[in-house]
Amino acid sequence: MRLGSGTFAAGCVVIEVLGVALFLRGFFPAPVRSFSGPEHHAETPAPEPSAGATSNWTNRPPPLFSKVVIMLIDGLRDDFVFGSKGVKFMPYTTYLVEKGASHSFVAEAKPPTVTMPRIKALMTGSLPGFIDVVRNLNSPALLEDNVITQAWASGRRIIFYGDETWVKLFPRHFVEYDGTTSFFVSDYTEVDDNVTRHLDAVLKRGDWDVLVLHYLGLDHIGHVSGPHSPLIGRKLGEMDSILMRIHTSLLSQERETSPPSLLVLCGDHGMAERGGHGASSVEEVNTALLLISSAFERKPGDVRRPQHVQQTDVAATLAIGLGLPIPKHSVGCLLLPVVAERAMREQLRLLHLNAVQLCRLLQENVPSYEREPGFEQFQKSERLHANWVRLYLEDSHADVLLSLGSKVRRQYSDALRTLSLALSAQGAHYDVYSMLVGAVVVLEVLALLLLSVPQALGATAELDVPLSSPVSCLLFYLTLLLLGAVHVIVCTSAESSCYFCSLAWPAVATVLALASALLCAVASALTRTLVGGELLRRNPAHSGPRWPELDLLLLLGTLGHAASLGSSSFVEEEHQTWYFLVNTLCLALGHDICRRCFPGDDGDRAEWLAGAAPTRPDKSPRHDVLDLDQRRKGRSSLDALRGPEKWMVLASPWLVLSCCRLLRSLNHTGVQWAHRPDLGHWLASSHHKAELSVLAALCLLAIFMLAHRRCSPVSRVAMALGLLGVYCYRAATGHLLLPWQRESKGISKGIVEARFVYVFVLGLLFMGTKDLLKSRVIAADHTHQPTGLRDLHGGLVLLAALLVRPHNLPVLLCSLLVQAVMTRFVWRPLRHSAAEVTAMHYWFGQAFFYFQGNSNNIATVDISAGFVGLNTYMEVPAMFLTAFSTYAGPVLWASHLVNFLSSDTRSGSALRHACFCYALLCSLPVSAYILLVTSLRYHLFIWSVFSPKLLYEGMHLLLTAAVCLSFVASDRSHAKS
């Protein structure tokens, strides 16, 4: 079967997407679980240890608090309460921290630091899987044992107001609730007012046991304006007044005969310096935790500084405070200051229950649990505890009991912390079989692409896929039979659950057949390469033994980038790799242009002229062999350039290099320098709104001048009005100033202005699509180039201008400027091959991804872009807009590549060559990274560094599939017209 290289590459990428999806499903594992059945809830608690005496403490201890109020402020990082902002904007909370009846903590949240996994950690005490960052968009019901379920099962009345994620996690547990969407980040006022409006009535009624309040406004301000926005202080002041209302109401209703109430002020995660969250920086993982109760009265001179604890400790503390069993999956420890004022016997009893629960979880998840240091410490603590109980029942001296009790308490605390660390280190169990099947499919696709290079990049851009030959058919059936037998053996002998084994047989058979077919294709291509001698080589018509320097740079740079992904530091600072590669590319282009314009000696000039001379027909290479010198088949047009245009060709690499250096100063990203002030921070500051407004207006004007070239008059009008609407939208939301406006008054969501821009975006996309379809149906003049692709590119540029933040408009402008300069003064005059142009577009697309301020941390994803023009949360549009805003750089460079090659009439195979090269360039790092994370899956930074990058690679592969499909569609349209 003979296929075009573009169609072949697109099919390979689609198959690779399926393999990566299966790998991801196995890589993101299920967290540590307890395998005991539901009867565990009815089990009597572990009895108090005793040595030769009979203890009468066998029942579960009574609750420590009569009512519990959980006030969760989304994005409340620790310095908002314990730092200068807390002192300035939260005076009542500061008083409680410094002098009031409270205990303060800095609770460390484990990545991913997004809302749904953090709520699960707070209520279950377990470590959610990293895949919960995806489930955060649509949270399923929580089936794990947790504090809310325990309280509901014990008959407690629970009321909730706030983030609807709680309602999705606990759908039947609240006797009264009012949920608000957590994803509409443009709203930071009504989303909190909907919570507060219920407060007075609920606090007066008192017909509840647990009240949960989840405030979202602070987090939304962070996403839109960052942690240093003036709005942050106002919101903190609002939260402080609400806390005071709740606390005073609880104090007025307390009675001496009943246990006191507990007010918990906490955050689910922190806030990065750019306002996002999801990664593992100190600002994102450190959250404020404040426990307030009249039971925590201070003595004069009692100074309580915030202690560092784990966020998972909250679940065990809440369960003990409510007199409930500790959740079975909890890896947290009881916060000892909460029970420090209780009797020694009660303290030891509660610590013992926590230790027994952790030991049970350890026994179920660690086969060699008896050799664990935490288990040995627990046994020693239990023996000491038993001796203490015996002495207590024998009425020993109080000083002896206090001294020995303090020692036992320290032993239990050490044992709890060691057990918790051991369980947290277990983390999760990988689905190795699903990972292996997915990795095999991905590696087979990469091998097939590499072995197909000689044919796919040949003159005809076609290749044979010999799957119908008798040998291939026999190998296919034998491989399928072998894989089926392995699948049955693995699935019947697996001790733990496996996702691939749980699939229906038709789905399993399809994947196994696909893997077998790929293996046969790889074997056939390898045999043809070895037997036929079709190795990657230069055209034999030329005598030069060396590869062109630019080709070597592109090849070695791509391979070096793939190899660098094995280092956590290189993953964190990947932008530095792309900045270096792009700068080196500019220098290499400058050297190449200078050598062509000013040959050094007669030998160099003769070699260049020989390379530029047409190839004789009798010396032409075979059509199915890669020709690395095809860019030199026609005489270079540099000799035809005279005057200023020739000097522009010489200056173009240095102009591009200057643009890249300027953009590096706009957004500091990564880890090492992300916290340092940059030009973007300066522009986004409220004190420089006038400067940002002038810059944005100039950038939008320049974008119009660059984007409207060679477009129809209707498209130019649509682009102009759309860019005007972009400025009006940013002015309406308070980011920019209008000429007649000196201050930001009347700030709105900009719904009307954004939708005004969407009309022109959709209009440009519609006109472009109609023109492409028309060119496929009507056999037009061969000299006419349809404007459909240019209109589509213009629509994408307009959408990017609307979604990116105002201080990032220079990035969009420089992207268009570099595209124009490289097209007119580098790629066309030097007649680079389609493979070289594709590699350069790919490199620039990756560099501009980081110029936007993106990184391999989830925290840099600007989710506020997903709600531009929306007045309510709509999942599909929000996800599309967020993804497009994040990958605007690679998308625009891929779109420009299609436009450039479609307008180039030198070779009908250029688009197919480009599609194949783009697929290969994207498949190489994905395949290499899958191998690396598989070998590094127990690395210390696997969840904080490598896992987010794996998600980014998966998204980038999806983008590659879309780009390859657009190449195929454009190629067919180009051939038709």
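Residues numbered from 1 in each chain as written. Predicted model: local features only at pLDDT ≥ 70, side-chain atom pairs only at ≥ 80, totals over all residues. Heavy atoms only, no water.

## Focus: the pairing of strand β8 (residues 262–266)
Taken across its 5 residues, β8 has 5 buried, putting it largely inside the fold. When β8 meets strand β9 (residues 286–292), the two strands line up antiparallel, connected through 4 bridges. Counted as the bridge partner of Leu 265 is Leu 290 from β9. (Buried < 20%, exposed > 50% of the residue type's maximum accessible area, 1.4 Å probe, protein only. Helix = DSSP H or I, 4+ residues; strand = E, 2+ residues; numbered from the N terminus. Pairing = 2+ DSSP bridges.)

## Focus: the state of the cysteines
Enumeration according to the criterion identifies 1 disulfide in this entry. A sulfur-sulfur distance of 2.0 Å marks the disulfide that ties Cys 491 to Cys 501. Residues Cys 491 and Cys 501 share a disulfide whose torsion about the S-S bond is about -85 degrees; that sign makes it left-handed. Placement of the pair is Cys 491 in helix α20 (residues 470–493) and Cys 501 in helix α21 (residues 499–502), with a sequence separation of 10 residues. Since its relative accessible area comes to 26%, Cys 491 is described here as partly exposed. Here Cys 12 stays unpaired: no disulfide links it, and the sulfur of Cys 964, its closest cysteine neighbor, is 9.5 Å away. For Cys 12, a relative accessible area of 4% corresponds to the buried category. (Disulfide = S-S within 2.5 Å.)

## A few points about unusual backbone geometry
Cis geometry is found at the peptide bond from Pro 111 to Pro 112, where omega equals 10 degrees. Within the element layout of this structure, Pro 112 appears in the loop between β4 (102–108) and α5 (115–124). Its identity is not glycine, yet Arg 831 carries a phi of approximately 50 degrees, on the positive side. A relative accessible area of 29% places Arg 831 in the partly exposed class.

## Points about α5
For the α-helix, the turn length of 3.6 residues means that residues three or four positions removed from each other point alike. Counting buried residues in α5 gives 10 out of 10 residues, a clear majority hidden from the surface. Of the positions making up α5, those classed as buried are Thr 115, Met 116, Pro 117, Arg 118, Ile 119, Lys 120, Ala 121, Leu 122, Met 123 and Thr 124. Phi turns positive one or two residues past the end of α5, at Gly 125, with a value near 75 degrees.

## Looking at the sheet that holds strand β10 (residues 307–310)
Spatially, β6-β5-β7-β3-β8-β9-β4-β10 is the arrangement adopted by the 8 strands of the open sheet, whose pairing is mixed. Pairing within the sheet leaves two strands with one partner each, and these edge strands are β6 (176–180) and β10. Going from strand to strand, the sheet's axes swing by 15 degrees on average, the running direction of each strand aside. Sheet topology note: the β4/β9 ladder contains 7 bridges and is antiparallel. The residue of β9 that forms the bridge with Phe 105 is Leu 289. Across the sheet, helix α12 (residues 230–253) lies against β3 (68–73), β7 (210–215), β8 and β9, angled at about 180 degrees from β3, the strand it touches most. Helix α14 (residues 313–321) rests against β3, β8, β9 and β10 of the sheet, and its axis sits at about 90 degrees to β10. (Axes fitted to C-alpha atoms, helices over the stretch in contact; angles between N-to-C directions. Contact = heavy atoms within 4.5 Å.)

## Overview of the environment of Gln 846
By secondary structure assignment, the location of Gln 846 is in helix α34 (residues 834–851). The buried category is assigned to Gln 846, whose relative accessible area is 10%. Residues Gln 846 and Glu 574, 272 residues apart in the sequence, show an inter-C-alpha distance of 9.9 Å. In contact with Gln 846, not counting residues within four places along its chain, are Trp 578, Pro 890 and His 956.

## Considerations on the pattern of salt bridges
Applying the stated rule across the entire model yields 22 salt bridges. Here Glu 48 makes a salt bridge to Arg 345, at a shortest N to O gap of 2.8 Å. One end of the pair, Glu 48, is in the loop between β2 (30–31) and β3; the other, Arg 345, is in helix α15 (residues 344–365), and 297 residues separate them in sequence. As far as the burial class goes, Glu 48 and Arg 345 line up, both buried. One salt-bridge network, held together by shared partners, links Glu 549, Asp 592, Arg 595 and Arg 596. (Salt bridge = Lys/Arg side-chain N within 4 Å of Asp/Glu carboxyl O.)

## Points about the confidence of the model for the protein
Parts of the model with low pLDDT should not have their predicted coordinates read in detail. Overall, the prediction assigns the protein a mean pLDDT of 84, with 85% of residues at 70 or greater. Note that residues 34–42 has pLDDT below 50 and, in this model, 14 contacts with residues that lie over four places away or in other chains. Within the model, pLDDT remains below 50 along residues 780–784, and this stretch shows 3 contacts once partners closer than five positions in the same chain are excluded. (pLDDT = per-residue confidence, 0-100.)

## Some thoughts on a positive patch on the surface
On the surface, a cluster of positive charge is contributed by Lys 380, Arg 383, Lys 407 and Arg 410. Counting only elements with at least two residues in the positive patch, the list comes to α16 (373–393) and α17 (398–426). (Patch = residues over 30% accessible without salt bridge, like charges linked within 9 Å, V, L, I, M, F, W, Y side chains within 5 Å. Areas by Shrake-Rupley, 256 points an atom, 1.4 Å probe, with all protein chains shown as cover. Lys, Arg positive; Asp, Glu negative; His and termini not counted. Charge placed at Lys NZ, Arg CZ, Asp CG, Glu CD.)

## Considering helix α11 (residues 217–225)
Burial within α11 is extensive, with 8 of its 9 residues counted as buried. Among all positions of α11, only Gly 217, Leu 218, Asp 219, His 220, Ile 221, Gly 222, His 223 and Val 224 are buried. For α11, the secondary structure elements touched by its buried residues are β3, α2 (79–82), α9 (190–196), β7 and α12. Phi turns positive, to about 90 degrees, at Gly 226, one or two residues after α11.

## Description of the environment of Gly 278
Tracing the backbone shows Gly 278 in the loop between β8 and α13 (282–285). Of the residues examined, Gly 278 reaches a relative accessible area of 1% and is grouped as buried. For the pair Gly 278 and Asn 857, spaced 579 residues apart in the sequence, the C-alpha separation amounts to 7.2 Å. When residues no more than four places from it in sequence are discounted, the contact partners of Gly 278 are Pro 112, Thr 113, Val 114, Glu 284, Ile 858 and Ala 859.

## Examining the packing of α5 against α14
Running from N to C, α5 and α14 cross one another at 40 degrees; their axes reach a closest spacing of 5 Å. Judged on the interaxial angle alone, α14 and α5 are oblique. Between α5 and α14, the residues in contact are Ala 121, Leu 122, Met 123 and Thr 124 and Val 314, Ala 315 and Leu 318, respectively. (Parallel < 35°, antiparallel > 145°, perpendicular 65-115°, else oblique.)

## A few points about the environment of Ser 154
Relative to the helices and strands, Ser 154 resides in the loop between α7 (147–153) and β5 (158–163). Judged by its relative accessible area of 39%, Ser 154 falls in the partly exposed class. With 169 residues separating them in the primary sequence, Ser 154 and Gly 323 have C-alpha atoms 9.8 Å apart. For Ser 154, the side chain forms a polar contact with the main-chain oxygen of Ala 151, separated by 2.8 Å. (Polar contact = N/O pair within 3.5 Å; in protein donor to acceptor, adjacent residues only side chain to side chain.)

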